[in-house]
Amino acid sequence: MFDPPVETLPVWVGLAVAGLAMFGLATSLPTATPDATPVAATVDAVAASDHEATGEHPVAADAVVLEPRRLTVRRNGETAHAELRYGPVTPVARASVLHRVLRGVPPARLFDSPAALERAVERAREKTPVTVRSDRVVVRRVEWGETSVTLVGA
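Read on for an overview of the structure. (Residues numbered from 1 in each chain as written. Predicted model: local features only at pLDDT ≥ 70, side-chain atom pairs only at ≥ 80, totals over all residues. Heavy atoms only, no water.)

1. Description of the overall build of the protein
Inclusion rule: Only DSSP runs of H or I reaching four residues or more are called helices, and only runs of E reaching two or more are called strands; each is numbered from the N terminus. For every residue, the accessible area (1.4 Å probe, protein chains only) is compared with the maximum for its type, and the residue is labelled buried under 20%, exposed over 50%, or partly exposed between those bounds. For this analysis, residues touch if any pair of their heavy atoms sits within 4.5 Å. Under the convention used here, a 1.4 Å probe and the Shrake-Rupley method define accessible areas, while residue burial counts only the protein chains that appear.
Scanning the protein for helices and strands turns up five helices and eight strands. In sequence order, the secondary structure elements of the protein are arranged as α-α-β-β-β-β-β-α-α-α-β-β-β. Within the protein, the fraction of its 154 residues that count as buried is 38%. For the protein, contacts bridging at least 24 residues in sequence account for 62% of all contacts bridging at least 6. For the protein, the exposed area adds up to about 9400 Å²; of that, 56% sits on carbon and sulfur atoms.

2. Concerning helix α2 (residues 37-47)
Within α2 the residues assigned to the buried category are Val39, Ala40, Thr42, Val43, Asp44, Val46 and Ala47. Looking at the buried positions of α2, the neighbouring elements they touch are β1 (53-58), β3 (70-75), β4 (78-83), β7 (136-144) and β8 (147-153).

3. Thoughts on helix α5 (residues 114-126)
Turn by turn, an α-helix covers 3.6 residues, leaving residues three or four places apart pointing in a common direction. The condition that has to hold: By this rule, a helix spans an expected 1.5 Å times one less than how many residues it contains. To be clear, the arc concerns the directions from the helix axis to the C-beta atoms.
With 13 residues, α5 ought to run about 18 Å at 1.5 Å a step, and its terminal C-alpha atoms sit 19 Å apart, in line with that. Of all the residues in α5, the buried ones are Ala116, Leu117, Ala120, Val121 and Ala124. Axial view of α5: buried residues confined to an arc of 140°, hence all on one face. Buried residues belonging to α5 abut β5 (90-91), α3 (97-102), α4 (107-110), β7 and β8.

4. Overview of the sheet that holds β1
Here is the rule: Strands were regarded as paired on the criterion that DSSP finds at least two bridges between them. Angles run from 0 to 180 degrees between N-to-C directions of axes, and those axes are lines fitted to C-alpha atoms, restricted for helices to the stretch in contact.
If you walk across this open sheet you meet the four strands as β1-β7-β8-β5, and the pairing is mixed. Each of the sheet's edge strands pairs with one partner strand only, and the pair in question is β1 and β5. Where β1 meets β7, six bridges bridge the pair, whose relative direction is antiparallel. If you follow Ala53 over to β7, its bridge partner there is Arg141. In the packing of α2 onto the sheet, contacts are made with β1, β7 and β8, and the angle to β1 comes to roughly 175°.

5. Let's talk about the sheet that holds strand β6 (residues 130-132)
Read from one edge to the other, the open sheet built from four strands follows the order β4-β3-β2-β6, with strand pairing classed as antiparallel. Two strands lie at the open edges of the sheet, namely β4 and β6, each paired on one side alone. Averaged over all neighbouring strand pairs, the angle between strand axes comes to 20°, with direction disregarded. Across three bridges, the pairing between strand β2 (residues 63-66) and β6 is antiparallel. Paired with Val65 across the two strands is Thr131, which belongs to β6. Packing against the sheet, α2 makes contact with β3 and β4, and its axis sits at approximately 30° to β4.

Written as structure tokens, this is what we have:
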């Protein structure tokens, strides 16, 4: 009377097999293709600002490749491109002094003059593209004297 039913073991085995099959199906489904347009819209919104501005955009990607006039989002072997309407922007590598400006340090603390900032921006644009491996893209528009630049990085 208190013994388990005979079919209990086959039922559990059947449920385990069905669960594994569903897991296999779910992991084999293709993921959505990446979309670079929302990231580009954030960059353009900051670059088009009439004054200093900062923006961030989360990204679900393996990498974002930044260039002065376009960006590329890569995920799972697929890519998506978007042109920037308000360029050129300045892609910023993590190891550069411009990365500190991107993160909020006033350029007057790091550069002797607006002309020195402009030279650093020109050098950074020559080294493009910059590949960002992060969960977000950071954008900052900086003004110093007559110099106005938009920095993009992580």
